[in-house]
Amino acid sequence: MRQIARLWLLALCGVVLMAHLALPGQAQDTIRQVDETGALVARQGPGLVTQPVVPAVKETTSLDYAAWNRLAERAEKASANRNIGSEALEALRRQIVDWRSALLGEQNANAARIATLRAQIAALGPAPAEGAPEAEEIAKRRSALTEQLVTLQAPGLAAEEAYRRADGLIAEIDRVLRERQADQLLQLWPAPINPANWPEAVVGMTDTGLRLWDETAEAWANPAARTSFGDNVPFILLLLAIALGLAVYGRAWVQVMSSQLQDRASARGRKVLALFTSLGEIIFPFVGVICGFAALELTTMIGEVGKRVIDATADLAVYVILAAWTAGRVFPRGLSQGPLNLPAERRAEARYNAVAMAILLGLDGVRFAAMDAQSYSEGTTSVTSFPGLVVSGLLLVRMGQLLHRHLASERREAEQVGYGNRLIGMLGQGAILIGIIGPVLAAVGYVPAASALVYPAMLSLFTVGLLLVAQDLIEDIYAAITGRQDDVGDALFPVLANFALALASLPVFALIWGARTSDLTELWTRFREGFAIGDTRISPTNFLVFAIIFALGYVLTRMFQGGLRNSILPRTSLDQGGQNAIVSGIGYIGIFLAGLTAINAAGIDLSGLAIVAGALSVGIGFGLQAVVSNFVSGIILLVERPVSEGDWIEVGGVQGTVKSISVRSTRIQTFDRSDVIVPNSDLISGQVTNYTRFNLSGRLIVPVGVAFGSDTRKVETILREIAEAQPLAVLNPPPSVFLTGFGADAINFEIRMILRDVNFSMAVRSEINHQIVTRFGEEGIEIPFAQTEVYLRNVEAIGQALRGLPVTAEAPAGSAASPTAQAPLPGPTNT
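Cut-offs and rules
- Residues numbered from 1 in each chain as written.
- Predicted model: local features only at pLDDT ≥ 70, side-chain atom pairs only at ≥ 80, totals over all residues.
- Heavy atoms only, no water.
- Helix = DSSP H or I, 4+ residues; strand = E, 2+ residues; numbered from the N terminus.
- Buried < 20%, exposed > 50% of the residue type's maximum accessible area, 1.4 Å probe, protein only.
- Contact = heavy atoms within 4.5 Å.
- Areas by Shrake-Rupley, 256 points an atom, 1.4 Å probe, with all protein chains shown as cover.
- Polar contact = N/O pair within 3.5 Å; in protein donor to acceptor, adjacent residues only side chain to side chain.
- Pairing = 2+ DSSP bridges.
- Axes fitted to C-alpha atoms, helices over the stretch in contact; angles between N-to-C directions.
- pLDDT = per-residue confidence, 0-100.
- Phe/Tyr/Trp six-rings, centres within 6.5 Å; stacked < 30°, edge-to-face > 60°.
- Expected span 1.5 Å × (residues − 1).
- Salt bridge = Lys/Arg side-chain N within 4 Å of Asp/Glu carboxyl O.

1. Topic: the overall build of the chain
- Assigned secondary structure in the chain consists of 26 helices and 15 strands.
- Across the 831 residues that make up the chain, the buried fraction comes to 34%.
- Counting contacts in the chain only where the partners sit at least 6 residues apart, residues at least 24 apart contribute 70% of the total.
- Looking at the chain as shown, the accessible area adds up to about 49300 Å², and 63% of this sits on carbon and sulfur atoms.

Put into structure tokens, the structure is as follows:
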């Protein structure tokens, strides 16, 4: 404790001493201050000296550019050296990536101070032309600020130059590594089908077996190892028993339980419970594998090669456990069909094929651990790898056929096959193709290329199976939460979640098919850095800040609109149309300000786009002139308000009520309840009849016809009484009744009246007509109706024809016709 106290005391003394040395002017009473004009001045003694003091700006950087240059030179030499290993290049690349990240951050050094200096220089006005005079104080100030700006920009410029160099070196190393990877895949080894290469392979396999035997015999010959083995026998037997019980009986018990739950999955949440229960098929065997390999370690009889083989065998066991679990979910036992439409016998075959593929994948790892580490010849590796590639190809072909059978079943049962099922069908075709091409390539000697095709294809099938299981889990959880049972996969949330899951799996597929981790990190780095537009770099962070600020501004705008609409504007004297116009205008202004604020907060400089925007504005102006015209017309409608929501208008032969006015169009609801979208430009440039804009009163004309011979004065009196009795009729001016003329069938009258609310004109008209019928019936006034009289000629000839008698000659024109022929017959009444 005393030592710590002494250290703290020394540190405190050091801080005080540094502070004293940092302010040497205090002994002379010299203090820098800022006067009321904002200029930096020095005070000496009691007075102020108005001499500008420009503080010295030092070029500060936290990076050791000498070390960077040494690393860059070493990387340049290494990338040009074909003898350097890929591991060394990867190590150099990682160091350069770290430097590049640091250099990217250093590019923004002194950014705030640089922006301030630029604003100060701009405040001094534009620099005078060459030879033009300028005030001495302004010239000195401009020179001092420019010198500071250049000094502060130096670290950023140096960092940008070094960043470009680092970026180029990374690209060069990536190119070299990709070329080496391609060369390695295209190597032609001795053909494994050539019998001349078989003896060497047999010798290699025998030698590996002998090495394992020798290691075990050597360990057994050691008395201490035998003693340790004897002491550990009880524990070894116990661990082996636990391993056997968990791997066999525990897995079988969990398998039966999960199958029963899956078959009874109609209950809510039962499928999710079945899936989580099935995880015991992974946990129990995995713990059993750990116990088994712990027992092998306790034997103390394992040598160097044996340890590598045991580690590879452990990987094989993990592959088999995961493959069996995945196959059990994708191709389930029992009554449940699973995500693929296959019968029970085909699902069982698919499960066996999946486990066999996992075994072959693990055996290839065991072969590599046992033989490749001993640097056997390419011929030996080719022959020993070929059987596994052939069997794997056959399994891929069969799995592809099963996937294709699923697609065929879906096509038979559904009229239209979904995109996911078509993708599974394409995956099956690809598996068949690779299953054929891979063994053929291996047979002719391209064993690395065949391995790079067959084994990644198998891993891809396993990954697709895991994706199907995860998608089913998402749909089951969604169904359990919402209570839906039908068409759960078509709901929006499961579709979006499955799409995001598929996108997230793309890096996994890239790694499976040979992409390096550094390639993916490079893509992620490029994505984070964004892209440059002129002098402005736009990154995903900028977009995120923009989206957050804009969303916040949008929400605040909508909240403010809601407050205006529901709380403030209803208490004013504005009509509904004016209130809607104010709310809409506030919305447009708020969204515009939210966009500007978001752009400013994100640091997006749009000045570099000015030239591009100017060039595009001409083409956009011609192409979108109708849209712009409607937009401007919408603003005019909101400001002048010749038409408001709720008005009864007529435009272009369409009558109806205005329901909404947007910036592009206006929605009118006709009286038959159909919506008509009218461009705003038609409301501004065309003729519009507004029946209810400034008042609701309007004239109603009701035509009435009476029979000839009626007392017209009496009819006029009755009609006037009916009109004046209407509750909505305006009595000043009073309703009027006019005899407008004489028609072919009636004497025509008109009732003309002003209604307080023209929206009820049809109801008032109907009521007036009802009262007219009633009063005219009481007063004995006839309402005429049109009649038609039909005269038949040659009635006798028609009668003879109907009776089947010969028709006599028709009387000549102008002769007297029989009375029957001239008798008028009443015809149908025209309504």
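Still more to cover.
2. Remarks on the environment of Thr326
- Position of Thr326 among the secondary structure elements: in helix H10 (residues 304–330).
- Relative accessible area serves as the criterion here: at 6%, Thr326 is assigned to the buried category.
- Sequence separation between Thr326 and Phe462 is 136 residues; the distance between their C-alpha atoms is 7.4 Å.
- When near neighbours in sequence (up to four residues on either side) are disregarded, Thr326 contacts Phe462, Gly465 and Leu466.
- Only 2.8 Å separates the side chain of Thr326 from the backbone oxygen of Leu322, close enough to count as a polar contact.

3. With respect to the sheet that holds strand S11 (residues 698–706)
- Within the open sheet, the 3 strands sit side by side as S11-S13-S12. Their pairing is antiparallel. Each having just a single partner strand, S11 and strand S12 (736–742) make up the two edges of the open sheet. Geometrically, the sheet is characterised by an average inter-axis angle of 25 degrees between neighbouring strands, direction not taken into account.
- With 6 bridges connecting them, S12 and strand S13 (residues 747–755) associate as antiparallel partners. Bridge pairing links Phe738 to Glu750 in S13.
- Across the sheet, helix H23 (residues 712–724) touches S11, S12 and S13, and the angle it forms with S13 is around 25 degrees.

4. Structural notes on the confidence of the model for the chain
- Mean pLDDT over the chain works out to 80, with 83% of the residues at or above the 70 mark.
- When the criterion is pLDDT under 50, residues 1–59 qualifies, and its contacts beyond four places in sequence or with other chains add up to 44 contacts.
- For residues 810–831, every residue scores under 50 in pLDDT, and the model assigns this stretch 24 contacts once sequence neighbours within four places are set aside.

5. Some remarks on the side chain of Ser385
- Looking at the secondary structure, you find Ser385 in helix H12 (residues 378–413).
- If we skip the residues at most four places from it in the chain, Ser385 touches Arg367 and Val447.

6. As for the sheet that holds strand S9 (residues 675–679)
- Strand order in the open sheet formed by 5 strands is S9-S8-S7-S6-S10, with antiparallel pairing between adjacent strands. With partners counted over all chains shown, the strands left at the sheet margins are S9 and strand S10 (688–690), one partner each. Strand-to-strand, the axes of this sheet are offset by a mean angle of 40 degrees, without reference to chain direction.
- Strand direction decides the pairing type here: strand S6 (residues 648–651) and S10, joined by 3 bridges, are antiparallel.

7. Regarding the pairing of S11
- Only one face of S11 is buried, namely the one carrying Gly698, Leu700, Val702, Val704 and Val706, since none of Arg699, Ile701, Pro703 and Gly705 on the opposite face is buried.
- Across 9 bridges, S11 lies against S13 in antiparallel orientation. Within S13, the residue paired with Gly705 across the bridge is Asn748.

8. A closer look at the environment of Leu700
- Mapping Leu700 onto the fold places it in strand S11.
- Distance in space between the C-alpha atoms of Leu700 and Ile751 is 7.9 Å, their sequence separation being 51 residues.
- In this structure, Leu700 is in contact with Ile751, Arg752, Met753, Leu755, Ser761, Val764, Arg765 and Ile768, ignoring residues within four places of it in sequence.

9. A few points about the packing of aromatic side chains
- This model, assessed by the stated rule, comprises 6 aromatic pairs.
- Among the aromatic residues, ring-to-ring pairing joins Trp648, Phe671 and Tyr691 into one connected group.

10. Here's the deal with helix H21 (residues 625–640)
- Over its 16 residues, H21 extends 22 Å from the first C-alpha to the last, a length consistent with the 22 Å expected when each residue adds 1.5 Å.
- Positive backbone phi, approximately 55 degrees, marks Arg641, located one or two places after H21.

11. Quick notes on unusual backbone geometry
- Across the junction of Asn732 and Pro733, the peptide omega takes the value 5 degrees, indicating a cis bond.
- If you check the backbone angles, Thr300 has positive phi at about 55 degrees while not being a glycine.
- Secondary-structure assignment places Thr300 in the loop between helix H9 (280–298) and H10.
- In this structure Thr300 comes out as partly exposed when scored by relative accessible area, which is 33%.
- A positive phi angle, close to 70 degrees, is found at Arg673, a residue other than glycine.

12. Details of the environment of Phe493
- Within the fold, Phe493 resides in helix H15 (residues 492–504).
- For the pair Phe493 and Tyr478, spaced 15 residues apart in sequence, the C-alpha to C-alpha distance is 8.1 Å.

13. A look at the pattern of salt bridges
- All chains considered together, the criterion is met by 25 salt bridges.
- The partner of Glu349 in a salt bridge is Arg346, and the shortest N-O contact between them spans 2.9 Å. Of this pair, Glu349 and Arg346 both sit in helix H11 (residues 344–371), 3 residues apart, roughly one helical turn.
- Here Arg720 ties to Glu716 by a salt bridge, and the two come within 3.0 Å at their closest N and O atoms. Residue Arg720 and its partner Glu716 are located together in helix H23, separated by 4 residues, close to a single helical turn.

14. Re the side chain of Ser278
- Within the secondary structure, Ser278 is located in helix H8 (residues 270–278).
- For Ser278, the side chain forms a polar contact with the side chain of Trp325, separated by 3.1 Å.
- Contact partners of Ser278, with chain neighbours within four places excluded, come to Val254, Ser258, Trp325 and Arg329.

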